[in-house]
Amino acid sequence: QVQLVESGGGLVQAGGSLRLSCAASGSTFGINAMGWYRQAPGKQRELVAGISSGSKTNYADSVKGRFTISRDVAKNTLYLQMSSLKPEDTAVYYCKADLWRGTTSWGQGTQVTVSS
């Protein structure tokens, strides 16, 4: 079993930057791919960015060129560097880990609010 804890959310003005972190603990050796998702009020949870075990990354079109996902395997930590933030980026951001055995773990989420 893997536990995920996000941090780094907060209130920022439009155009600003934030870095989210997701610390993994437990059976971290079982983690394959990881990703960041977000859910705004009244909307479905959506993929923001993902990273494979081979460090291949993918991004939602809405964040390409502004967000960067990275993973420090030695520290068992996933990051999301967010720049040029927009009010529409306001959401609860969740970390997700896909394990090799086919199960999935989610963090509790961290709120990001971008003011205009």
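Residues numbered from 1 in each chain as written. Predicted model: local features only at pLDDT ≥ 70, side-chain atom pairs only at ≥ 80, totals over all residues. Heavy atoms only, no water.

Undergrad: Which residues make up the environment of Ala49, and what values do they have?
TA: For Ala49, the location among the structural elements is in strand 5 (residues 46-51). Separated by 37 residues in sequence, Ala49 and Val12 have C-alpha atoms that sit 20 Å apart. Those residues within four positions of Ala49 in sequence are excluded, and the remaining contacts are Gly35, Trp36, Asn58, Tyr59, Ile69 and Leu80. (Helix = DSSP H or I, 4+ residues; strand = E, 2+ residues; numbered from the N terminus. Contact = heavy atoms within 4.5 Å.)

Undergrad: How would you sum up the pattern of salt bridges? Please name residues and give values.
TA: One pass over the full model with this rule turns up 5 salt bridges. With a closest N to O distance of 3.1 Å, Asp61 and Lys64 form a salt bridge. An identical accessibility class is assigned to Asp61 and Lys64; each is exposed. Here Asp89 ties to Arg66 by a salt bridge, and the two come within 2.8 Å at their closest N and O atoms. (Salt bridge = Lys/Arg side-chain N within 4 Å of Asp/Glu carboxyl O. Buried < 20%, exposed > 50% of the residue type's maximum accessible area, 1.4 Å probe, protein only.)

Undergrad: Tell me about the packing of aromatic side chains, residues and numbers included.
TA: One pass over the full model with this rule turns up 2 aromatic pairs. Each ring, one from Tyr37 and one from Trp106, has its centre 5.0 Å from the other, and the planes form 70°; the classification is edge-to-face. Of this pair, Tyr37 sits in strand 4 (residues 31-39) while Trp106 sits in strand 10 (residues 104-106), and the two are 69 residues apart along the sequence. Under the relative-accessibility criterion, Tyr37 is labelled buried at 17%. By relative accessible area, which is 37% here, Trp106 ends up partly exposed. Ring centres 6.5 Å apart and planes at 85° place the aromatic pair Tyr94 and Trp106 in the edge-to-face group. (Phe/Tyr/Trp six-rings, centres within 6.5 Å; stacked < 30°, edge-to-face > 60°.)

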